[in-house]
Protein chains: 2
Amino acid sequence: MATKYQGNSEEKRALDLFIKLMRTHDSLENKLRHEFRDFKLTPPQFGILETLYHLGPLQQHVLASKLLKSAGNITRVLDGMQESGLIERRAEPGDRRSFRIHLTPKGKKTIEKIFPDFVAGIRTLFGALAAGEQEQLNQLLRKLGTHIRHSYKE
Amino acid sequence: MATKYQGNSEEKRALDLFIKLMRTHDSLENKLRHEFRDFKLTPPQFGILETLYHLGPLQQHVLASKLLKSAGNITRVLDGMQESGLIERRAEPGDRRSFRIHLTPKGKKTIEKIFPDFVAGIRTLFGALAAGEQEQLNQLLRKLGTHIRHSYKE
DNA sequence: TATTGTTATACTCTATAACTATA
DNA sequence: TATAGTTATAGAGTATAACAATA
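Attention shifts here to the overall build of chain A. Of regular secondary structure, chain A possesses 6 helices and 3 strands. Each helix and strand of chain A, placed in order from N terminus to C terminus, yields the pattern α-α-β-α-α-β-β-α-α. With the principal axes as the frame, chain A shows a C-alpha extent of 55 × 35 × 30 Å. For chain A, buried positions account for 47% of its 154 residues. Once local pairs closer than 6 in sequence are excluded, the contacts in chain A between residues at least 24 apart make up 44%. Each charge class in chain A can be summarised by its mean position, and for the 26 positive and 18 negative side chains these summaries are 2 Å apart.

What follows covers the interface of chain A and chain B. With 70 residues of chain A in contact, the opposing surface of chain B contributes 70 residues. For the chain A and chain B pair, buried surface summed over both sides reaches about 7,200 Å², with 66% attributable to carbon and sulfur atoms. Between chain A and chain B we count 4 salt bridges in total. Taking the shortest distance from any N to any O, the salt bridge between Lys143(B) and Glu133(A) comes out at 2.9 Å. For the side of chain A that touches chain B, the secondary-structure elements that each account for two or more residues are α1 (9-37), α2 (43-55), α3 (60-67), α5 (105-126) and α6 (131-150) of chain A. Top contributing element to the side of chain A that touches chain B by residue count: α1(A), with 23 residues. Class assignment for the residues of the side of chain A that touches chain B results in 32 nonpolar, 16 polar and 22 charged.

Time to look at the protein's contact with DNA strand D. Near DNA strand D you find 23 residues, and of these Thr42(A), Ser70(A), Gln60(B), His61(B) and Arg97(B) are the closest. Per the 4 Å cut-off to the protein, sugar and phosphate atoms form 78% of the nearby atoms of DNA strand D. In the model, a base oxygen of DNA strand D is placed 3.2 Å from a nitrogen or oxygen of the Arg76(A) side chain. The contact in question runs from a phosphate oxygen of DNA strand D to an N or O atom on the side chain of Ser98(B), over 2.8 Å. Taken together, the elements giving at least two residues each to the surface near DNA strand D come down to α2 and α4 (71-83) of chain A together with α3 (60-67) and α4 (71-83) of chain B. When its residues are assigned to classes, the surface near DNA strand D shows 4 nonpolar, 10 polar and 9 charged.

What follows concerns the confidence of the model for chain A. Put simply, chain A has an average pLDDT of 88, and 94% of its residues get 70 or more. At the low end of the mean pLDDT range in chain A sits α1(A), at 89; at the high end sits strand β1 (residues 58-59) of chain A, at 94.

Right, let's talk about the sheet that holds strand β1 (residues 58-59) of chain B for a bit. Residue and element names in this part refer to chain B. If you walk across this open sheet you meet the 3 strands as β1-β3-β2, and the pairing is antiparallel. In this open sheet, the two edge strands, each paired with only one partner strand, are β1 and β2 (87-91). In terms of strand pairing, β2 meets strand β3 (residues 99-103) through 5 bridges, oriented antiparallel. Paired with arginine 89 across the bridge in β3 is isoleucine 101. Its contacts with the sheet place helix α2 (residues 43-55) against β1, β2 and β3, and it is angled at close to 95° to β3.

Attention shifts here to the protein's contact with DNA strand C. Contacts to DNA strand C come from 23 residues, most closely from Gln60(A), His61(A), Arg97(A), Ser98(A) and Thr42(B). Each atom of DNA strand C within 4 Å of the protein was assigned to sugar, phosphate or base; sugar and phosphate come to 77%. Arg97(A) places a polar side-chain atom, nitrogen or oxygen, 2.6 Å from a base oxygen of DNA strand C. Between Lys69(B) and DNA strand C, the recorded distance is 3.0 Å, taken from a side-chain N or O atom to a phosphate oxygen. Elements with a contribution of two residues or more to the surface near DNA strand C: α1, α3 and α4 of chain A together with α2 and α4 of chain B. Class assignment of the residues belonging to the surface near DNA strand C gives a composition of 4 nonpolar, 10 polar and 9 charged.

Note on the copies: chain A fits chain B at an RMSD of 0.1 Å, the axial shift is 0.0 Å, and the rotation between them is 180°. On the angle and the small slide along the axis, the relation comes out as a two-fold axis. Interface overlap between copies: 99% of the residues of chain A at the interface are likewise at the interface in chain B, consistent with a symmetric, same-surface contact.

Once that is clear, we can look at the pairing of strand β3 (residues 99-103) of chain A. Taken together, the 2 bridges between β1(A) and β3(A) define a ladder with antiparallel strand orientation. By the bridge assignment for β3(A), Leu58(A) is matched with Ile101(A).

Quick look at the nonpolar core now. Judged by nonpolar contacts, the single largest core of 83 residues is most densely connected at Phe18(A), Phe118(A), Phe126(A), Phe18(B), Phe118(B) and Phe126(B). Other than its neighbours up to four places away in sequence, Phe126(A) contacts Leu28(A), Gln134(A), Ala14(B), Leu17(B), Phe18(B), Leu21(B) and Leu144(B).

Calculation criteria
- Residues numbered from 1 in each chain as written.
- Chains lettered and ligands numbered in written order.
- Predicted model: local features only at pLDDT ≥ 70, side-chain atom pairs only at ≥ 80, totals over all residues.
- Heavy atoms only, no water.
- Helix = DSSP H or I, 4+ residues; strand = E, 2+ residues; numbered from the N terminus.
- Buried < 20%, exposed > 50% of the residue type's maximum accessible area, 1.4 Å probe, protein only.
- Contact = heavy atoms within 4.5 Å.
- Lys, Arg positive; Asp, Glu negative; His and termini not counted.
- Charge placed at Lys NZ, Arg CZ, Asp CG, Glu CD.
- Buried area = accessible area lost by both parts, 1.4 Å probe.
- Salt bridge = Lys/Arg side-chain N within 4 Å of Asp/Glu carboxyl O.
- Nonpolar A, V, L, I, M, F, W, Y, C, P; charged D, E, K, R; others polar.
- Near = heavy atom within 4 Å.
- Polar contact = N/O pair within 3.5 Å; in protein donor to acceptor, adjacent residues only side chain to side chain.
- pLDDT = per-residue confidence, 0-100.
- Pairing = 2+ DSSP bridges.
- Axes fitted to C-alpha atoms, helices over the stretch in contact; angles between N-to-C directions.
- Least-squares fit on C-alpha atoms with pLDDT ≥ 70 in both.
- Core = buried A, V, L, I, M, F, W, Y, C linked by side-chain atoms within 4.5 Å.

Structure below.
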């Protein structure tokens, strides 16, 4: 692939891997963007919806940390979702600085409508890999992701 | 991870994998955004710089296709890069509809300045995985990425 | 002093659709 | 008819820094 940069073989391998990872992500995101469009949902909005659905109501800084985004970004995306009635901010008992983000009934309905098809789609895509290969990939990504996140404060 | 959605085990595995992949990508991109900032470069700009550096001058539609972006998006990002003097559009001999995108000396200098550190950084990050594991990951991602891209027109 | 969240600031990215020029 | 690229449209995402309120 890369022919111009004369790095050593370790560097070449890492670079190749990096490019593949980014490309795979982009392919997935392109597909998703298209699918969610009918529901007026963007990928970041879906990420928040999905996280709240699975983990329950969360404070904003927890969302920011889980989704690896800045506080300001989360505020903005939530503003949009609040306006379209998907989430609501409720006072946090015991800490008056903070809110807890809840799905509204509409938000819950939306994610429950989308999710089965979404998961089925994901499953089909990942069906390119056998069960054992998926387990392998899972372990490799966990190892890698943990290392990356620990290597820098974020 | 996900406890609420009662999908079957294949679906759960695929979903888990999906989330890990997205997260790993986001971690990497966050790091890059931070690193490139000193050079006034965004991740998409770096992607174009790197692609042109390694593959040589390309037409815009080729760039769009390689980077999985829309034509309009590439036009806009190139506009910005042209304004900051990183690339130039040269007439394509034999097809007057088209341009060929070249790195300017400044663009070349920029990528050559950044690239060694960038690759070294990538290598360190991926150093969490042994050589064999990296090869595994590489193969899995290739298989997966190809399948995703073929499963839909793009 | 540190933390939670908002606001202000300023851009960048993104896609789609309509359009122009050329093939 | 099809392709290369631009422009218009419209909006979303992103970070940082400064800030207010609270812990």
